[in-house]
Amino acid sequence: MQGQKKISFSSQEFIDIFHYPGELGVKYSNRQSEFRLWAPTASNVLLVTYPTGNDSKGTKTPMSKGEQGTWYLDVAGDLHGIYYNYLVTVDGMTQEAMDPYAKACGVNGNRGMVVDMQRTDPDGWQDLVRPTLSHFINSIIYELHVRDFTIWSESGVQQKGKFLGMTERGTTVCHSVSTGLDHLSELGITHVQLMPCYDFSTIDECKLDAEYNWGYDPQNYNIPEGSYATDPYHGGIRIREFKEMIMALKEQGIRVVLDVVYNHTYLAAESHLNKIVPGYYYRQDPYGNLTNGSGCGNELASERSMVRKMITDSVVYWANEYKIDGFRFDLMALLDIVTINEIRSALNDVDSSIIVYGEGWIGGHSPLPDNCKALKGNVRQLPGTGVFNDDVRDAVKGHVFFGEQPGFVNGAIGMEESVKCGIVGATDHDQVDYNQVLFSHFPWAAEPAQSINYVEAHDNYTLWDKLLKTNPNDSEEVRMAMHKMSAAIILTSQGIPFLHGGMEFLRSKNGDHNSYKSPDSINQINWMQKCKYKGIFSYYQGLIQLRKTHPAFRMKTTGEIQSNLCFLPMPAGQMLGYVLTKANADPWQKIVVVFNATSTGRLIDLPGNHWIIVVNQKQAGINELGRVMTDKVVVPGRTSLVLVEAESFLGN
Ligand code: CA
């Protein structure tokens, strides 16, 4: 802004002069393409076009200065497949940068590509609809990493580690045990949460199979990652193959959630964003240094109007163009409350059944004030958005950072109230003493769907590895009982259950607690485990069937839980039990759920005289496993029981 006074990026004056509410990026038609870039501090901007996504020489064309800090150029002709960047001059320095709104790119995401999105649609895409979801609370989320899921040499999948690998049907291990997509259908989950699938930075797409990364290192927010495509060079291919994956999942009735990382970018000073508007996109301390609330060296300033717009536009773009059904925000608390609410509202305009949740914490120190952060403790100010319940996570299995520290299922005393915080979905309940809950001393969720209940995710030890840390001297059989109780707690609790892919057959990473760049040998799903631990898989499958069939486990409101879920007195510590009475119009009018984490059997009193067991230590589901003809039952050690009042069970 030579010749002008510098206006602070954070001032209202800057917003008044430079906030651009219109469409940015390339507006394509087969007659012309309109380019528009927001670069309010630039003194000059040129469009550079290229015939290919790498190597070739470019052609420069000057752009015109438009309203509110934008630069524009209309180019005649059909530009589909043309690659482009911008040459942006700020304070006398000219740098080449990629369009933050680019929808397609060449290899390694260094050049944008003009794309006719219709040409990327697989057959049938236009008619593809979202699988039915009548309420967020009916979600059962399953997290997976595209590469991990099929890369194992014996996965039976042809396109191993690729988007297309997720589309293959009829794949098996051990002759008849299903893997990949068929496995997901068999398990019965409602949502798949895909670990980062936007274009990330640290895998060199020219050297496929040489490197591994989870992908929490964003480069281009609106483009699928190239290393998961069969050809990362031609911009349309990764888009089409990503759509084919989405379509294959939805055709199985599975909704798709993307893991999105709008809290930071891989590069900061050298990022495309910073080349276009230096200093605008990232939070800084009073000395002008980048702050590090992400633990990854920088954090996006979501509270600035054009950053907020960029994030919101990006989320809405994925929801519309790719028919994405949900978003999991990494380090969501680094985004401000206004931004998350704006995203929620914009998604409601697309489809109000799109689910939004995230990590209600940050990864370092941020200058964003706590009362502005989308923290777990502020989730009541984020209606329609959920957060991960770390209280129940650590209460069930022990602290994620202190490996040897156990939780409820593996021997700790005093975890009962924290587990109860999960059972009631972190809502207000007279029988939960929040003063004794691990991290949050108040009922943080306004509604149960705001609590994402889990014991295992991609971060930290897998549950199976954790149990080996805490209980090295116990037999495998004992640790399997602990694993099953963890599953039973999560899948019967109010709120939304979340599973980490592979835990349903005791996934191990050989004790690696941070495998973000560990090799396939650590991260890959070893499908042989599914053959080996058939009983564990059936147990998960049965719990999912129980949850999906019986609405008592999916009450929609805090009031219903308060009225219909009553904790029962237990004869000893390390035990929990409750009764669900006439909950959520469930045909089963009385359901008792009991967890005995001690090693010995205990006699408990039941509120009634005649019961049918549907979950015990061996099996889980909706079928009769045994009967109790009195108002007392012995709960064996390390056992979960679900009992249904016989009258309403048999009455069905
Ligand atoms: Ca990439």
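Placed above this text is the structure.
Analysis parameters
- Residues numbered from 1 in each chain as written.
- Predicted model: local features only at pLDDT ≥ 70, side-chain atom pairs only at ≥ 80, totals over all residues.
- Heavy atoms only, no water.
- Donors = N, O, S within 2.8 Å, 3.2 Å for Na, K, Ca; no water.
- Helix = DSSP H or I, 4+ residues; strand = E, 2+ residues; numbered from the N terminus.
- Buried < 20%, exposed > 50% of the residue type's maximum accessible area, 1.4 Å probe, protein only.
- Phe/Tyr/Trp six-rings, centres within 6.5 Å; stacked < 30°, edge-to-face > 60°.
- Lys NZ or Arg CZ within 6 Å of the ring centre and 35° of its normal.
- 1 Å grid on protein atoms, 1.4 Å probe; cavity = no way out; pocket = protein on both sides within 12 Å on 5 of 7 lines; lining within 4 Å.
- Points joined across faces, edges and corners; volume = space filled by probe spheres on them.
- Nonpolar A, V, L, I, M, F, W, Y, C, P; charged D, E, K, R; others polar.

*Asks:* Sorry if this is basic, but what is going on with the coordination of the calcium ion here?
*Replies:* In a perfect tetrahedron of four donors around a metal, the angles come out at 109.5 degrees. In a perfect octahedron of six, they are 90 or 180 degrees. Donor atoms from the polypeptide that coordinate the calcium ion comprise D199 (OD), F200 (O), E205 (OE) and E225 (OE), at 2.2 to 2.4 Å from the metal. In primary sequence terms, the donor set of the calcium ion follows D-F-x4-E-x19-E. A residue pair is termed long-range when its members are at least 10 positions apart, and E205 in the loop between β14 (198–200) and β15 (218–224) and E225 in the loop between β15 and α4 (235–251) qualify at 20 residues. Looking at E205, the relative accessible area reads 1%, which means it is buried.

*Asks:* Please explain the packing of aromatic side chains as it appears in this structure.
*Replies:* The relative placement of two aromatic rings is captured by the distance of their centres and the angle of their planes. With the rule as written, the count across this model stands at 33 aromatic pairs. Relative to Y84, the ring of F35 has its centre 5.2 Å away and its plane inclined at 70°; by these criteria the two rings are edge-to-face. With a gap of 49 residues between them, F35 in strand β2 (residues 32–38) and Y84 in strand β7 (residues 83–90) connect regions that are remote in the sequence. With respect to burial, F35 and Y84 carry one shared label: buried. Through a chain of ring-to-ring contacts, three or more aromatic side chains come together here, namely F163, Y198, F200, Y221, Y228, F242, Y262, Y317, W318, Y322 and F329. Here the basic side chain of K484 rests over the ring of Y539, its NZ or CZ set 4.9 Å away from the ring centre.

*Asks:* I would appreciate a short explanation of empty space enclosed by the protein in the present structure.
*Replies:* Here the idea is plain: a probe the size of a water molecule rolls over the atoms and shows the empty space left. The tally for this structure, following the rule as stated, stands at two cavities of 30 Å³ or more. As a volume, the largest cavity reaches approximately 90 Å³. Forming the walls of the largest cavity are L24, G25, R36, L37, W38, D99, P100, Y101, Y281, M306 and M310. Counting only elements with at least two residues in the lining of the largest cavity, the list comes to β2 and α6 (305–321). Considering every element that reaches the lining of the largest cavity, the biggest residue donor is β2, with three residues. A breakdown of the residues in the lining of the largest cavity according to their chemical character gives eight nonpolar, one polar and two charged. Each pocket or cavity is described by its volume, and for the second largest cavity that value is around 30 Å³. The wall of the second largest cavity is formed by Y198, Y221, L258, V260, V261, Y262 and W318.

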